[in-house]
Amino acid sequence: MNKRIHQIKFNQTFLPIVIITVFAIGFRVSLNAPILTPDSGLYLSLAKNIIQHFCYSADPNCAPAWERQPPGFPLFIAFVSLIAGPSSQQIVQFQTLTFGGAILYLLYSARKLFEARNLGGAVLLSISPLTIAWSRYILTETISAAAALYVLAECMRSLEKRKLRTVGIGVSAGMAILVKWDLITLFALVLPIALYLHPLR
């Protein structure tokens, strides 16, 4: 009986958090007018060459650009352009939805691992003026933050299952690194969890 009462109280706390987060994400999508910077132009050029010439370069002759920018974000832009058209508005909306999906997955993972009272951080992420502002820029920040949240969520799921989710962590960490090289530092989070769950004998 006490367990059932606890579950009802848990759901009464958790559901409003989910509803607020979903509405906050929808509000962000409706607000997100794109902001372009010089780096945005580079990403758009790289994506255009991926679609038109099947090469990863901003140069008309397809000179390699790997040493300058990782391919993850231009590939994301190219994917959005193929399914929704070459619109800056669509790019910022898709990257906002990707970030929103990461928040909801983090929320779900945290619910599995922690109590509902610890989940307010997801709401703060979704309504933060800082994250709302950054998601309007066609830059790597929103997608890289989303990828990092997916890695964190997979780490939480691993702790909940008491087993390292190698596929989920590998895919999300790989995508994060393809967006920003320096996100290889995410393995500083993954390694202690891996050693905790699977200690060396």
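This report concerns the structure included in the present document. On a predicted model such as this, the values are computed, not experimentally measured, just so you know. (Residues numbered from 1 in each chain as written. Predicted model: local features only at pLDDT ≥ 70, side-chain atom pairs only at ≥ 80, totals over all residues. Heavy atoms only, no water.)

1. What to know about the state of the cysteines
If you walk through the whole model with that rule in mind, you get one disulfide. A disulfide bridge connects cysteine 55 with cysteine 62, and the sulfur atoms are separated by 2.0 Å. Taking the sign of the torsion about the S-S bond as the criterion, the disulfide between cysteine 55 and cysteine 62, at about -65°, is left-handed. For cysteine 62, a relative accessible area of 27% corresponds to the partly exposed category. (Disulfide = S-S within 2.5 Å. Buried < 20%, exposed > 50% of the residue type's maximum accessible area, 1.4 Å probe, protein only.)

2. Focus: the nonpolar core
Grouped together as the largest cluster of nonpolar side chains are 17 residues, with contacts concentrated most on Tyr43, Phe73, Phe76, Ile77, Ile91, Ile138 and Ile143. If near-sequence neighbours (up to four positions away) are discounted, phenylalanine 73 is found in contact with Tyr43, Gln95, Ile138, Leu139, Thr140, Ile143, Leu178 and Val179. One finds Val151, Ala173, Val190 and Ala194 within the second-largest nonpolar core, a separate group that totals 13 residues. (Core = buried A, V, L, I, M, F, W, Y, C linked by side-chain atoms within 4.5 Å. Contact = heavy atoms within 4.5 Å.)

3. Observations concerning the side chain of serine 109
Along the chain, serine 109 falls in helix H4 (residues 88-113). The class of serine 109 is buried, set by a relative accessible area of 0%. A distance of 3.4 Å separates a polar side-chain atom of serine 109 from the backbone oxygen of alanine 153. In contact with serine 109, other than residues within four places in its own chain, are Ala153, Met156 and Arg157. (Helix = DSSP H or I, 4+ residues; strand = E, 2+ residues; numbered from the N terminus. Polar contact = N/O pair within 3.5 Å; in protein donor to acceptor, adjacent residues only side chain to side chain.)

4. A word on a nonpolar patch on the surface
A grouping of Phe79, Leu82 and Ile83 is seen on the molecular surface, where their side chains present a nonpolar patch of about 330 Å² in accessible area. With respect to the element layout, isoleucine 83 can be found in helix H3 (residues 72-84). (Patch = residues over 30% accessible without salt bridge, like charges linked within 9 Å, V, L, I, M, F, W, Y side chains within 5 Å. Areas by Shrake-Rupley, 256 points an atom, 1.4 Å probe, with all protein chains shown as cover. Salt bridge = Lys/Arg side-chain N within 4 Å of Asp/Glu carboxyl O.)

5. Some words on the packing of aromatic side chains
Enumeration over the complete set of coordinates arrives at three aromatic pairs. Centroid distance tyrosine 43 to phenylalanine 73: 5.1 Å. Interplanar angle 85°. Geometry classified as edge-to-face. Of this pair, tyrosine 43 sits in helix H2 (residues 38-53) while phenylalanine 73 is found in helix H3, placing the two residues 30 residues apart along the sequence. Look at tyrosine 43 and you get buried, because its relative accessible area is 5%. Residue classification places phenylalanine 73 among the buried positions, given a relative accessible area of 0%. Taken together, the ring pairs in this structure connect Tyr43, Phe73 and Phe76 into an aromatic cluster. (Phe/Tyr/Trp six-rings, centres within 6.5 Å; stacked < 30°, edge-to-face > 60°.)

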